[in-house]
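One letter stands for each residue in the lines below.
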Amino acid sequence: MQETADVDQVAQSVGLQDGEVQLQPTTGPVTMKRPKGIVVLGPAWIACGSYEVFRRQMQCCRELGLRTFFLSVGPTLGITESSNYWDYYYRHTENLGADERGHSARSANIFKHPELLTQVVPGAFRSVAFWKSVHTRLMTIPDNLRQFINEHDVETIICHHFFDMPLAKKIRRLLPHAQIILETQDVQTNHYLSQQAKHPLTRRVSSEKAMLRDEMRISGDADVLIHYNDRETKIFKSHLPHSRHVTIYPALARNYQSPPVENAGEPFDFLIVASANDPNYHSVSGFLREVWAPKLAGKRSLKIVGNIDALFAMYNDQLHEPFRDCFVGLVPELHSWYQRARYVLMPVVEGQGIAIKTLEALSYGKKFVAMPLAYRGFMDQVPADLAQEVVTSFDAFAERMLSLDVSGPPQQDPRSIALYEALFTPEVQKEIYRDLLLSKR
């Protein structure tokens, strides 16, 4: 399609006759510019740190004048295009903020995918990291994304997590001049090692060297790699020295300035926000067993928000039933829960990459009790007066909680606000994205 100047630049008024505007004729075809758009793809996860990153990114792109298409990628091989999971997913992600949305997963008949023979079989004995990308190799581009690409000027594809890169590369075949930006969101090999993830064929845990090799090989297909903390950047640079690397701390809205939610309910003492993953399960289960049950149950009020309750039920954890009233489950919004909580708890005993839930609590200016891993990825940036309050054991966690004043309404902590303003504001993020997305490449 030929692109020309805007219509008001090629059609000029030449005066009035009998009350009518006459337009000067033009030579050659006059066509409208297509609006600028961007395609973002990421795992179809709910109520987790990555989801909050996606939400903020949608807002950032809109502020830069880009129309957004978010492609939700089926997170496992077991979820198909027609799975009931998608109704559940869309119901719980209505606030994502993308202009248009779609999803991709494998078809019910796995043998319909030519990639099964061209990519999967040749990679049979590669590491677990390769196999984590197999489900995205067996996916197609939905029709509404193809239509979005036809109707918009798309110069960038943002891909979240290395295992979605095979699908991002399929999309670029429709946009050969577009750049792919990969947001790594940590070194995923570390997660697979901690999970003792087993190869589907050999049933063995792949070596760290083999997994890193596959993760970096797949990641290296991106034009730009964005990392969320300095340690992550250093590791990727050491393996991909010729790639372009950019460090961007995740940004969240200034939630501490949000007006109170009307009719939200009464204040309560302690809040834990946790999505359904094993590190969160081990952290919350350990907290309930070592801190809450023996020392605080009945003395303070606790709310555990997020779908972590699903894992307690799935694992038949005996702590679930006696503390059922503490588990809230998924909620349509977190604002009122953060605003009503006097303190936020971060009893983190496992985890990799930057802790988005910590940033979220900072963005609300909350007072909190935290273990060291809650600050992973930016501990060196934490002021000394906050760092000295970090607790390193469950016994210390309980003592700190019992010492807190839980009378009166929730109060903001100026130290949390100052740390948020120093590192995690939308303005800093937007300027970096402006350079990446709008500058001439």
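Summarised in this report is the structure supplied together with it. Everything numeric in this text was worked out from a predicted model, so none of it was measured. (Residues numbered from 1 in each chain as written. Predicted model: local features only at pLDDT ≥ 70, side-chain atom pairs only at ≥ 80, totals over all residues. Heavy atoms only, no water.)

### Considering the environment of H227
(1) Moving on: Secondary-structure assignment places H227 in strand 8 (residues 224-227).
(2) Moving on: Measuring from C-alpha to C-alpha, the distance between H227 and L66 comes to 22 Å, with 161 residues separating the pair along the chain. (Helix = DSSP H or I, 4+ residues; strand = E, 2+ residues; numbered from the N terminus.)

### Section: the nonpolar core
(1) Moving on: L271, F378, F424, Y433, L436 and L437 are the most contacted members of the largest nonpolar core, which totals 63 residues.
(2) Moving on: Tallying contributions element by element places helix 2 (residues 49-63) first for this core, with 6 residues.
(3) Moving on: Every residue in contact with F424, bar those within four places of it in the chain, is listed here: Y249, P250, A251, L252, I354, L359, L362, F378 and L419.
(4) Moving on: Core analysis: the next-biggest nonpolar cluster, separate from the first, contains 36 residues, L71, V73, V128 and F163 among them. (Core = buried A, V, L, I, M, F, W, Y, C linked by side-chain atoms within 4.5 Å. Buried < 20%, exposed > 50% of the residue type's maximum accessible area, 1.4 Å probe, protein only. Contact = heavy atoms within 4.5 Å.)

### Notes on the environment of E94
(1) Moving on: Counting through the fold element by element, E94 comes out in the loop between helix 3 (85-91) and strand 5 (100-104).
(2) Moving on: On a C-alpha basis, the gap between E94 and P332 in space is 8.8 Å, while along the polypeptide they are 238 residues apart.
(3) Moving on: When neighbours within four sequence positions are excluded, E94 is seen to be in contact with Y51 and R101.

### Side note on the sheet that holds strand 9 (residues 244-247)
(1) Moving on: With respect to topology, 7 strands assemble into an open sheet ordered 5-4-3-6-7-8-9, the strand pairing being parallel. Edge positions in the sheet fall to strand 5 and strand 9, since each has one partner strand and no second. Strand-to-strand, the axes of this sheet are offset by a mean angle of 20°, without reference to chain direction.
(2) Moving on: Bridge analysis of strand 6 (residues 153-160) against strand 7 (residues 179-183) gives 5 bridges, and the strand direction is parallel. Among the inter-strand pairings, C159 is bridged to a residue of strand 7, identified as L182.
(3) Moving on: Across the sheet, helix 2 touches strand 3 (36-43), strand 4 (67-73), strand 6 and strand 7, and the angle it forms with strand 3 is around 175°. (Pairing = 2+ DSSP bridges. Axes fitted to C-alpha atoms, helices over the stretch in contact; angles between N-to-C directions.)

### Let's talk about the environment of N109
(1) Moving on: Looking at where N109 falls in the secondary structure, it is placed in the loop between strand 5 and helix 4 (115-120).
(2) Moving on: On the basis of relative accessibility, which here comes to 36%, the residue N109 falls in the partly exposed class.
(3) Moving on: In this structure the C-alpha to C-alpha distance between N109 and I171, which are 62 residues apart in sequence, comes to 22 Å.

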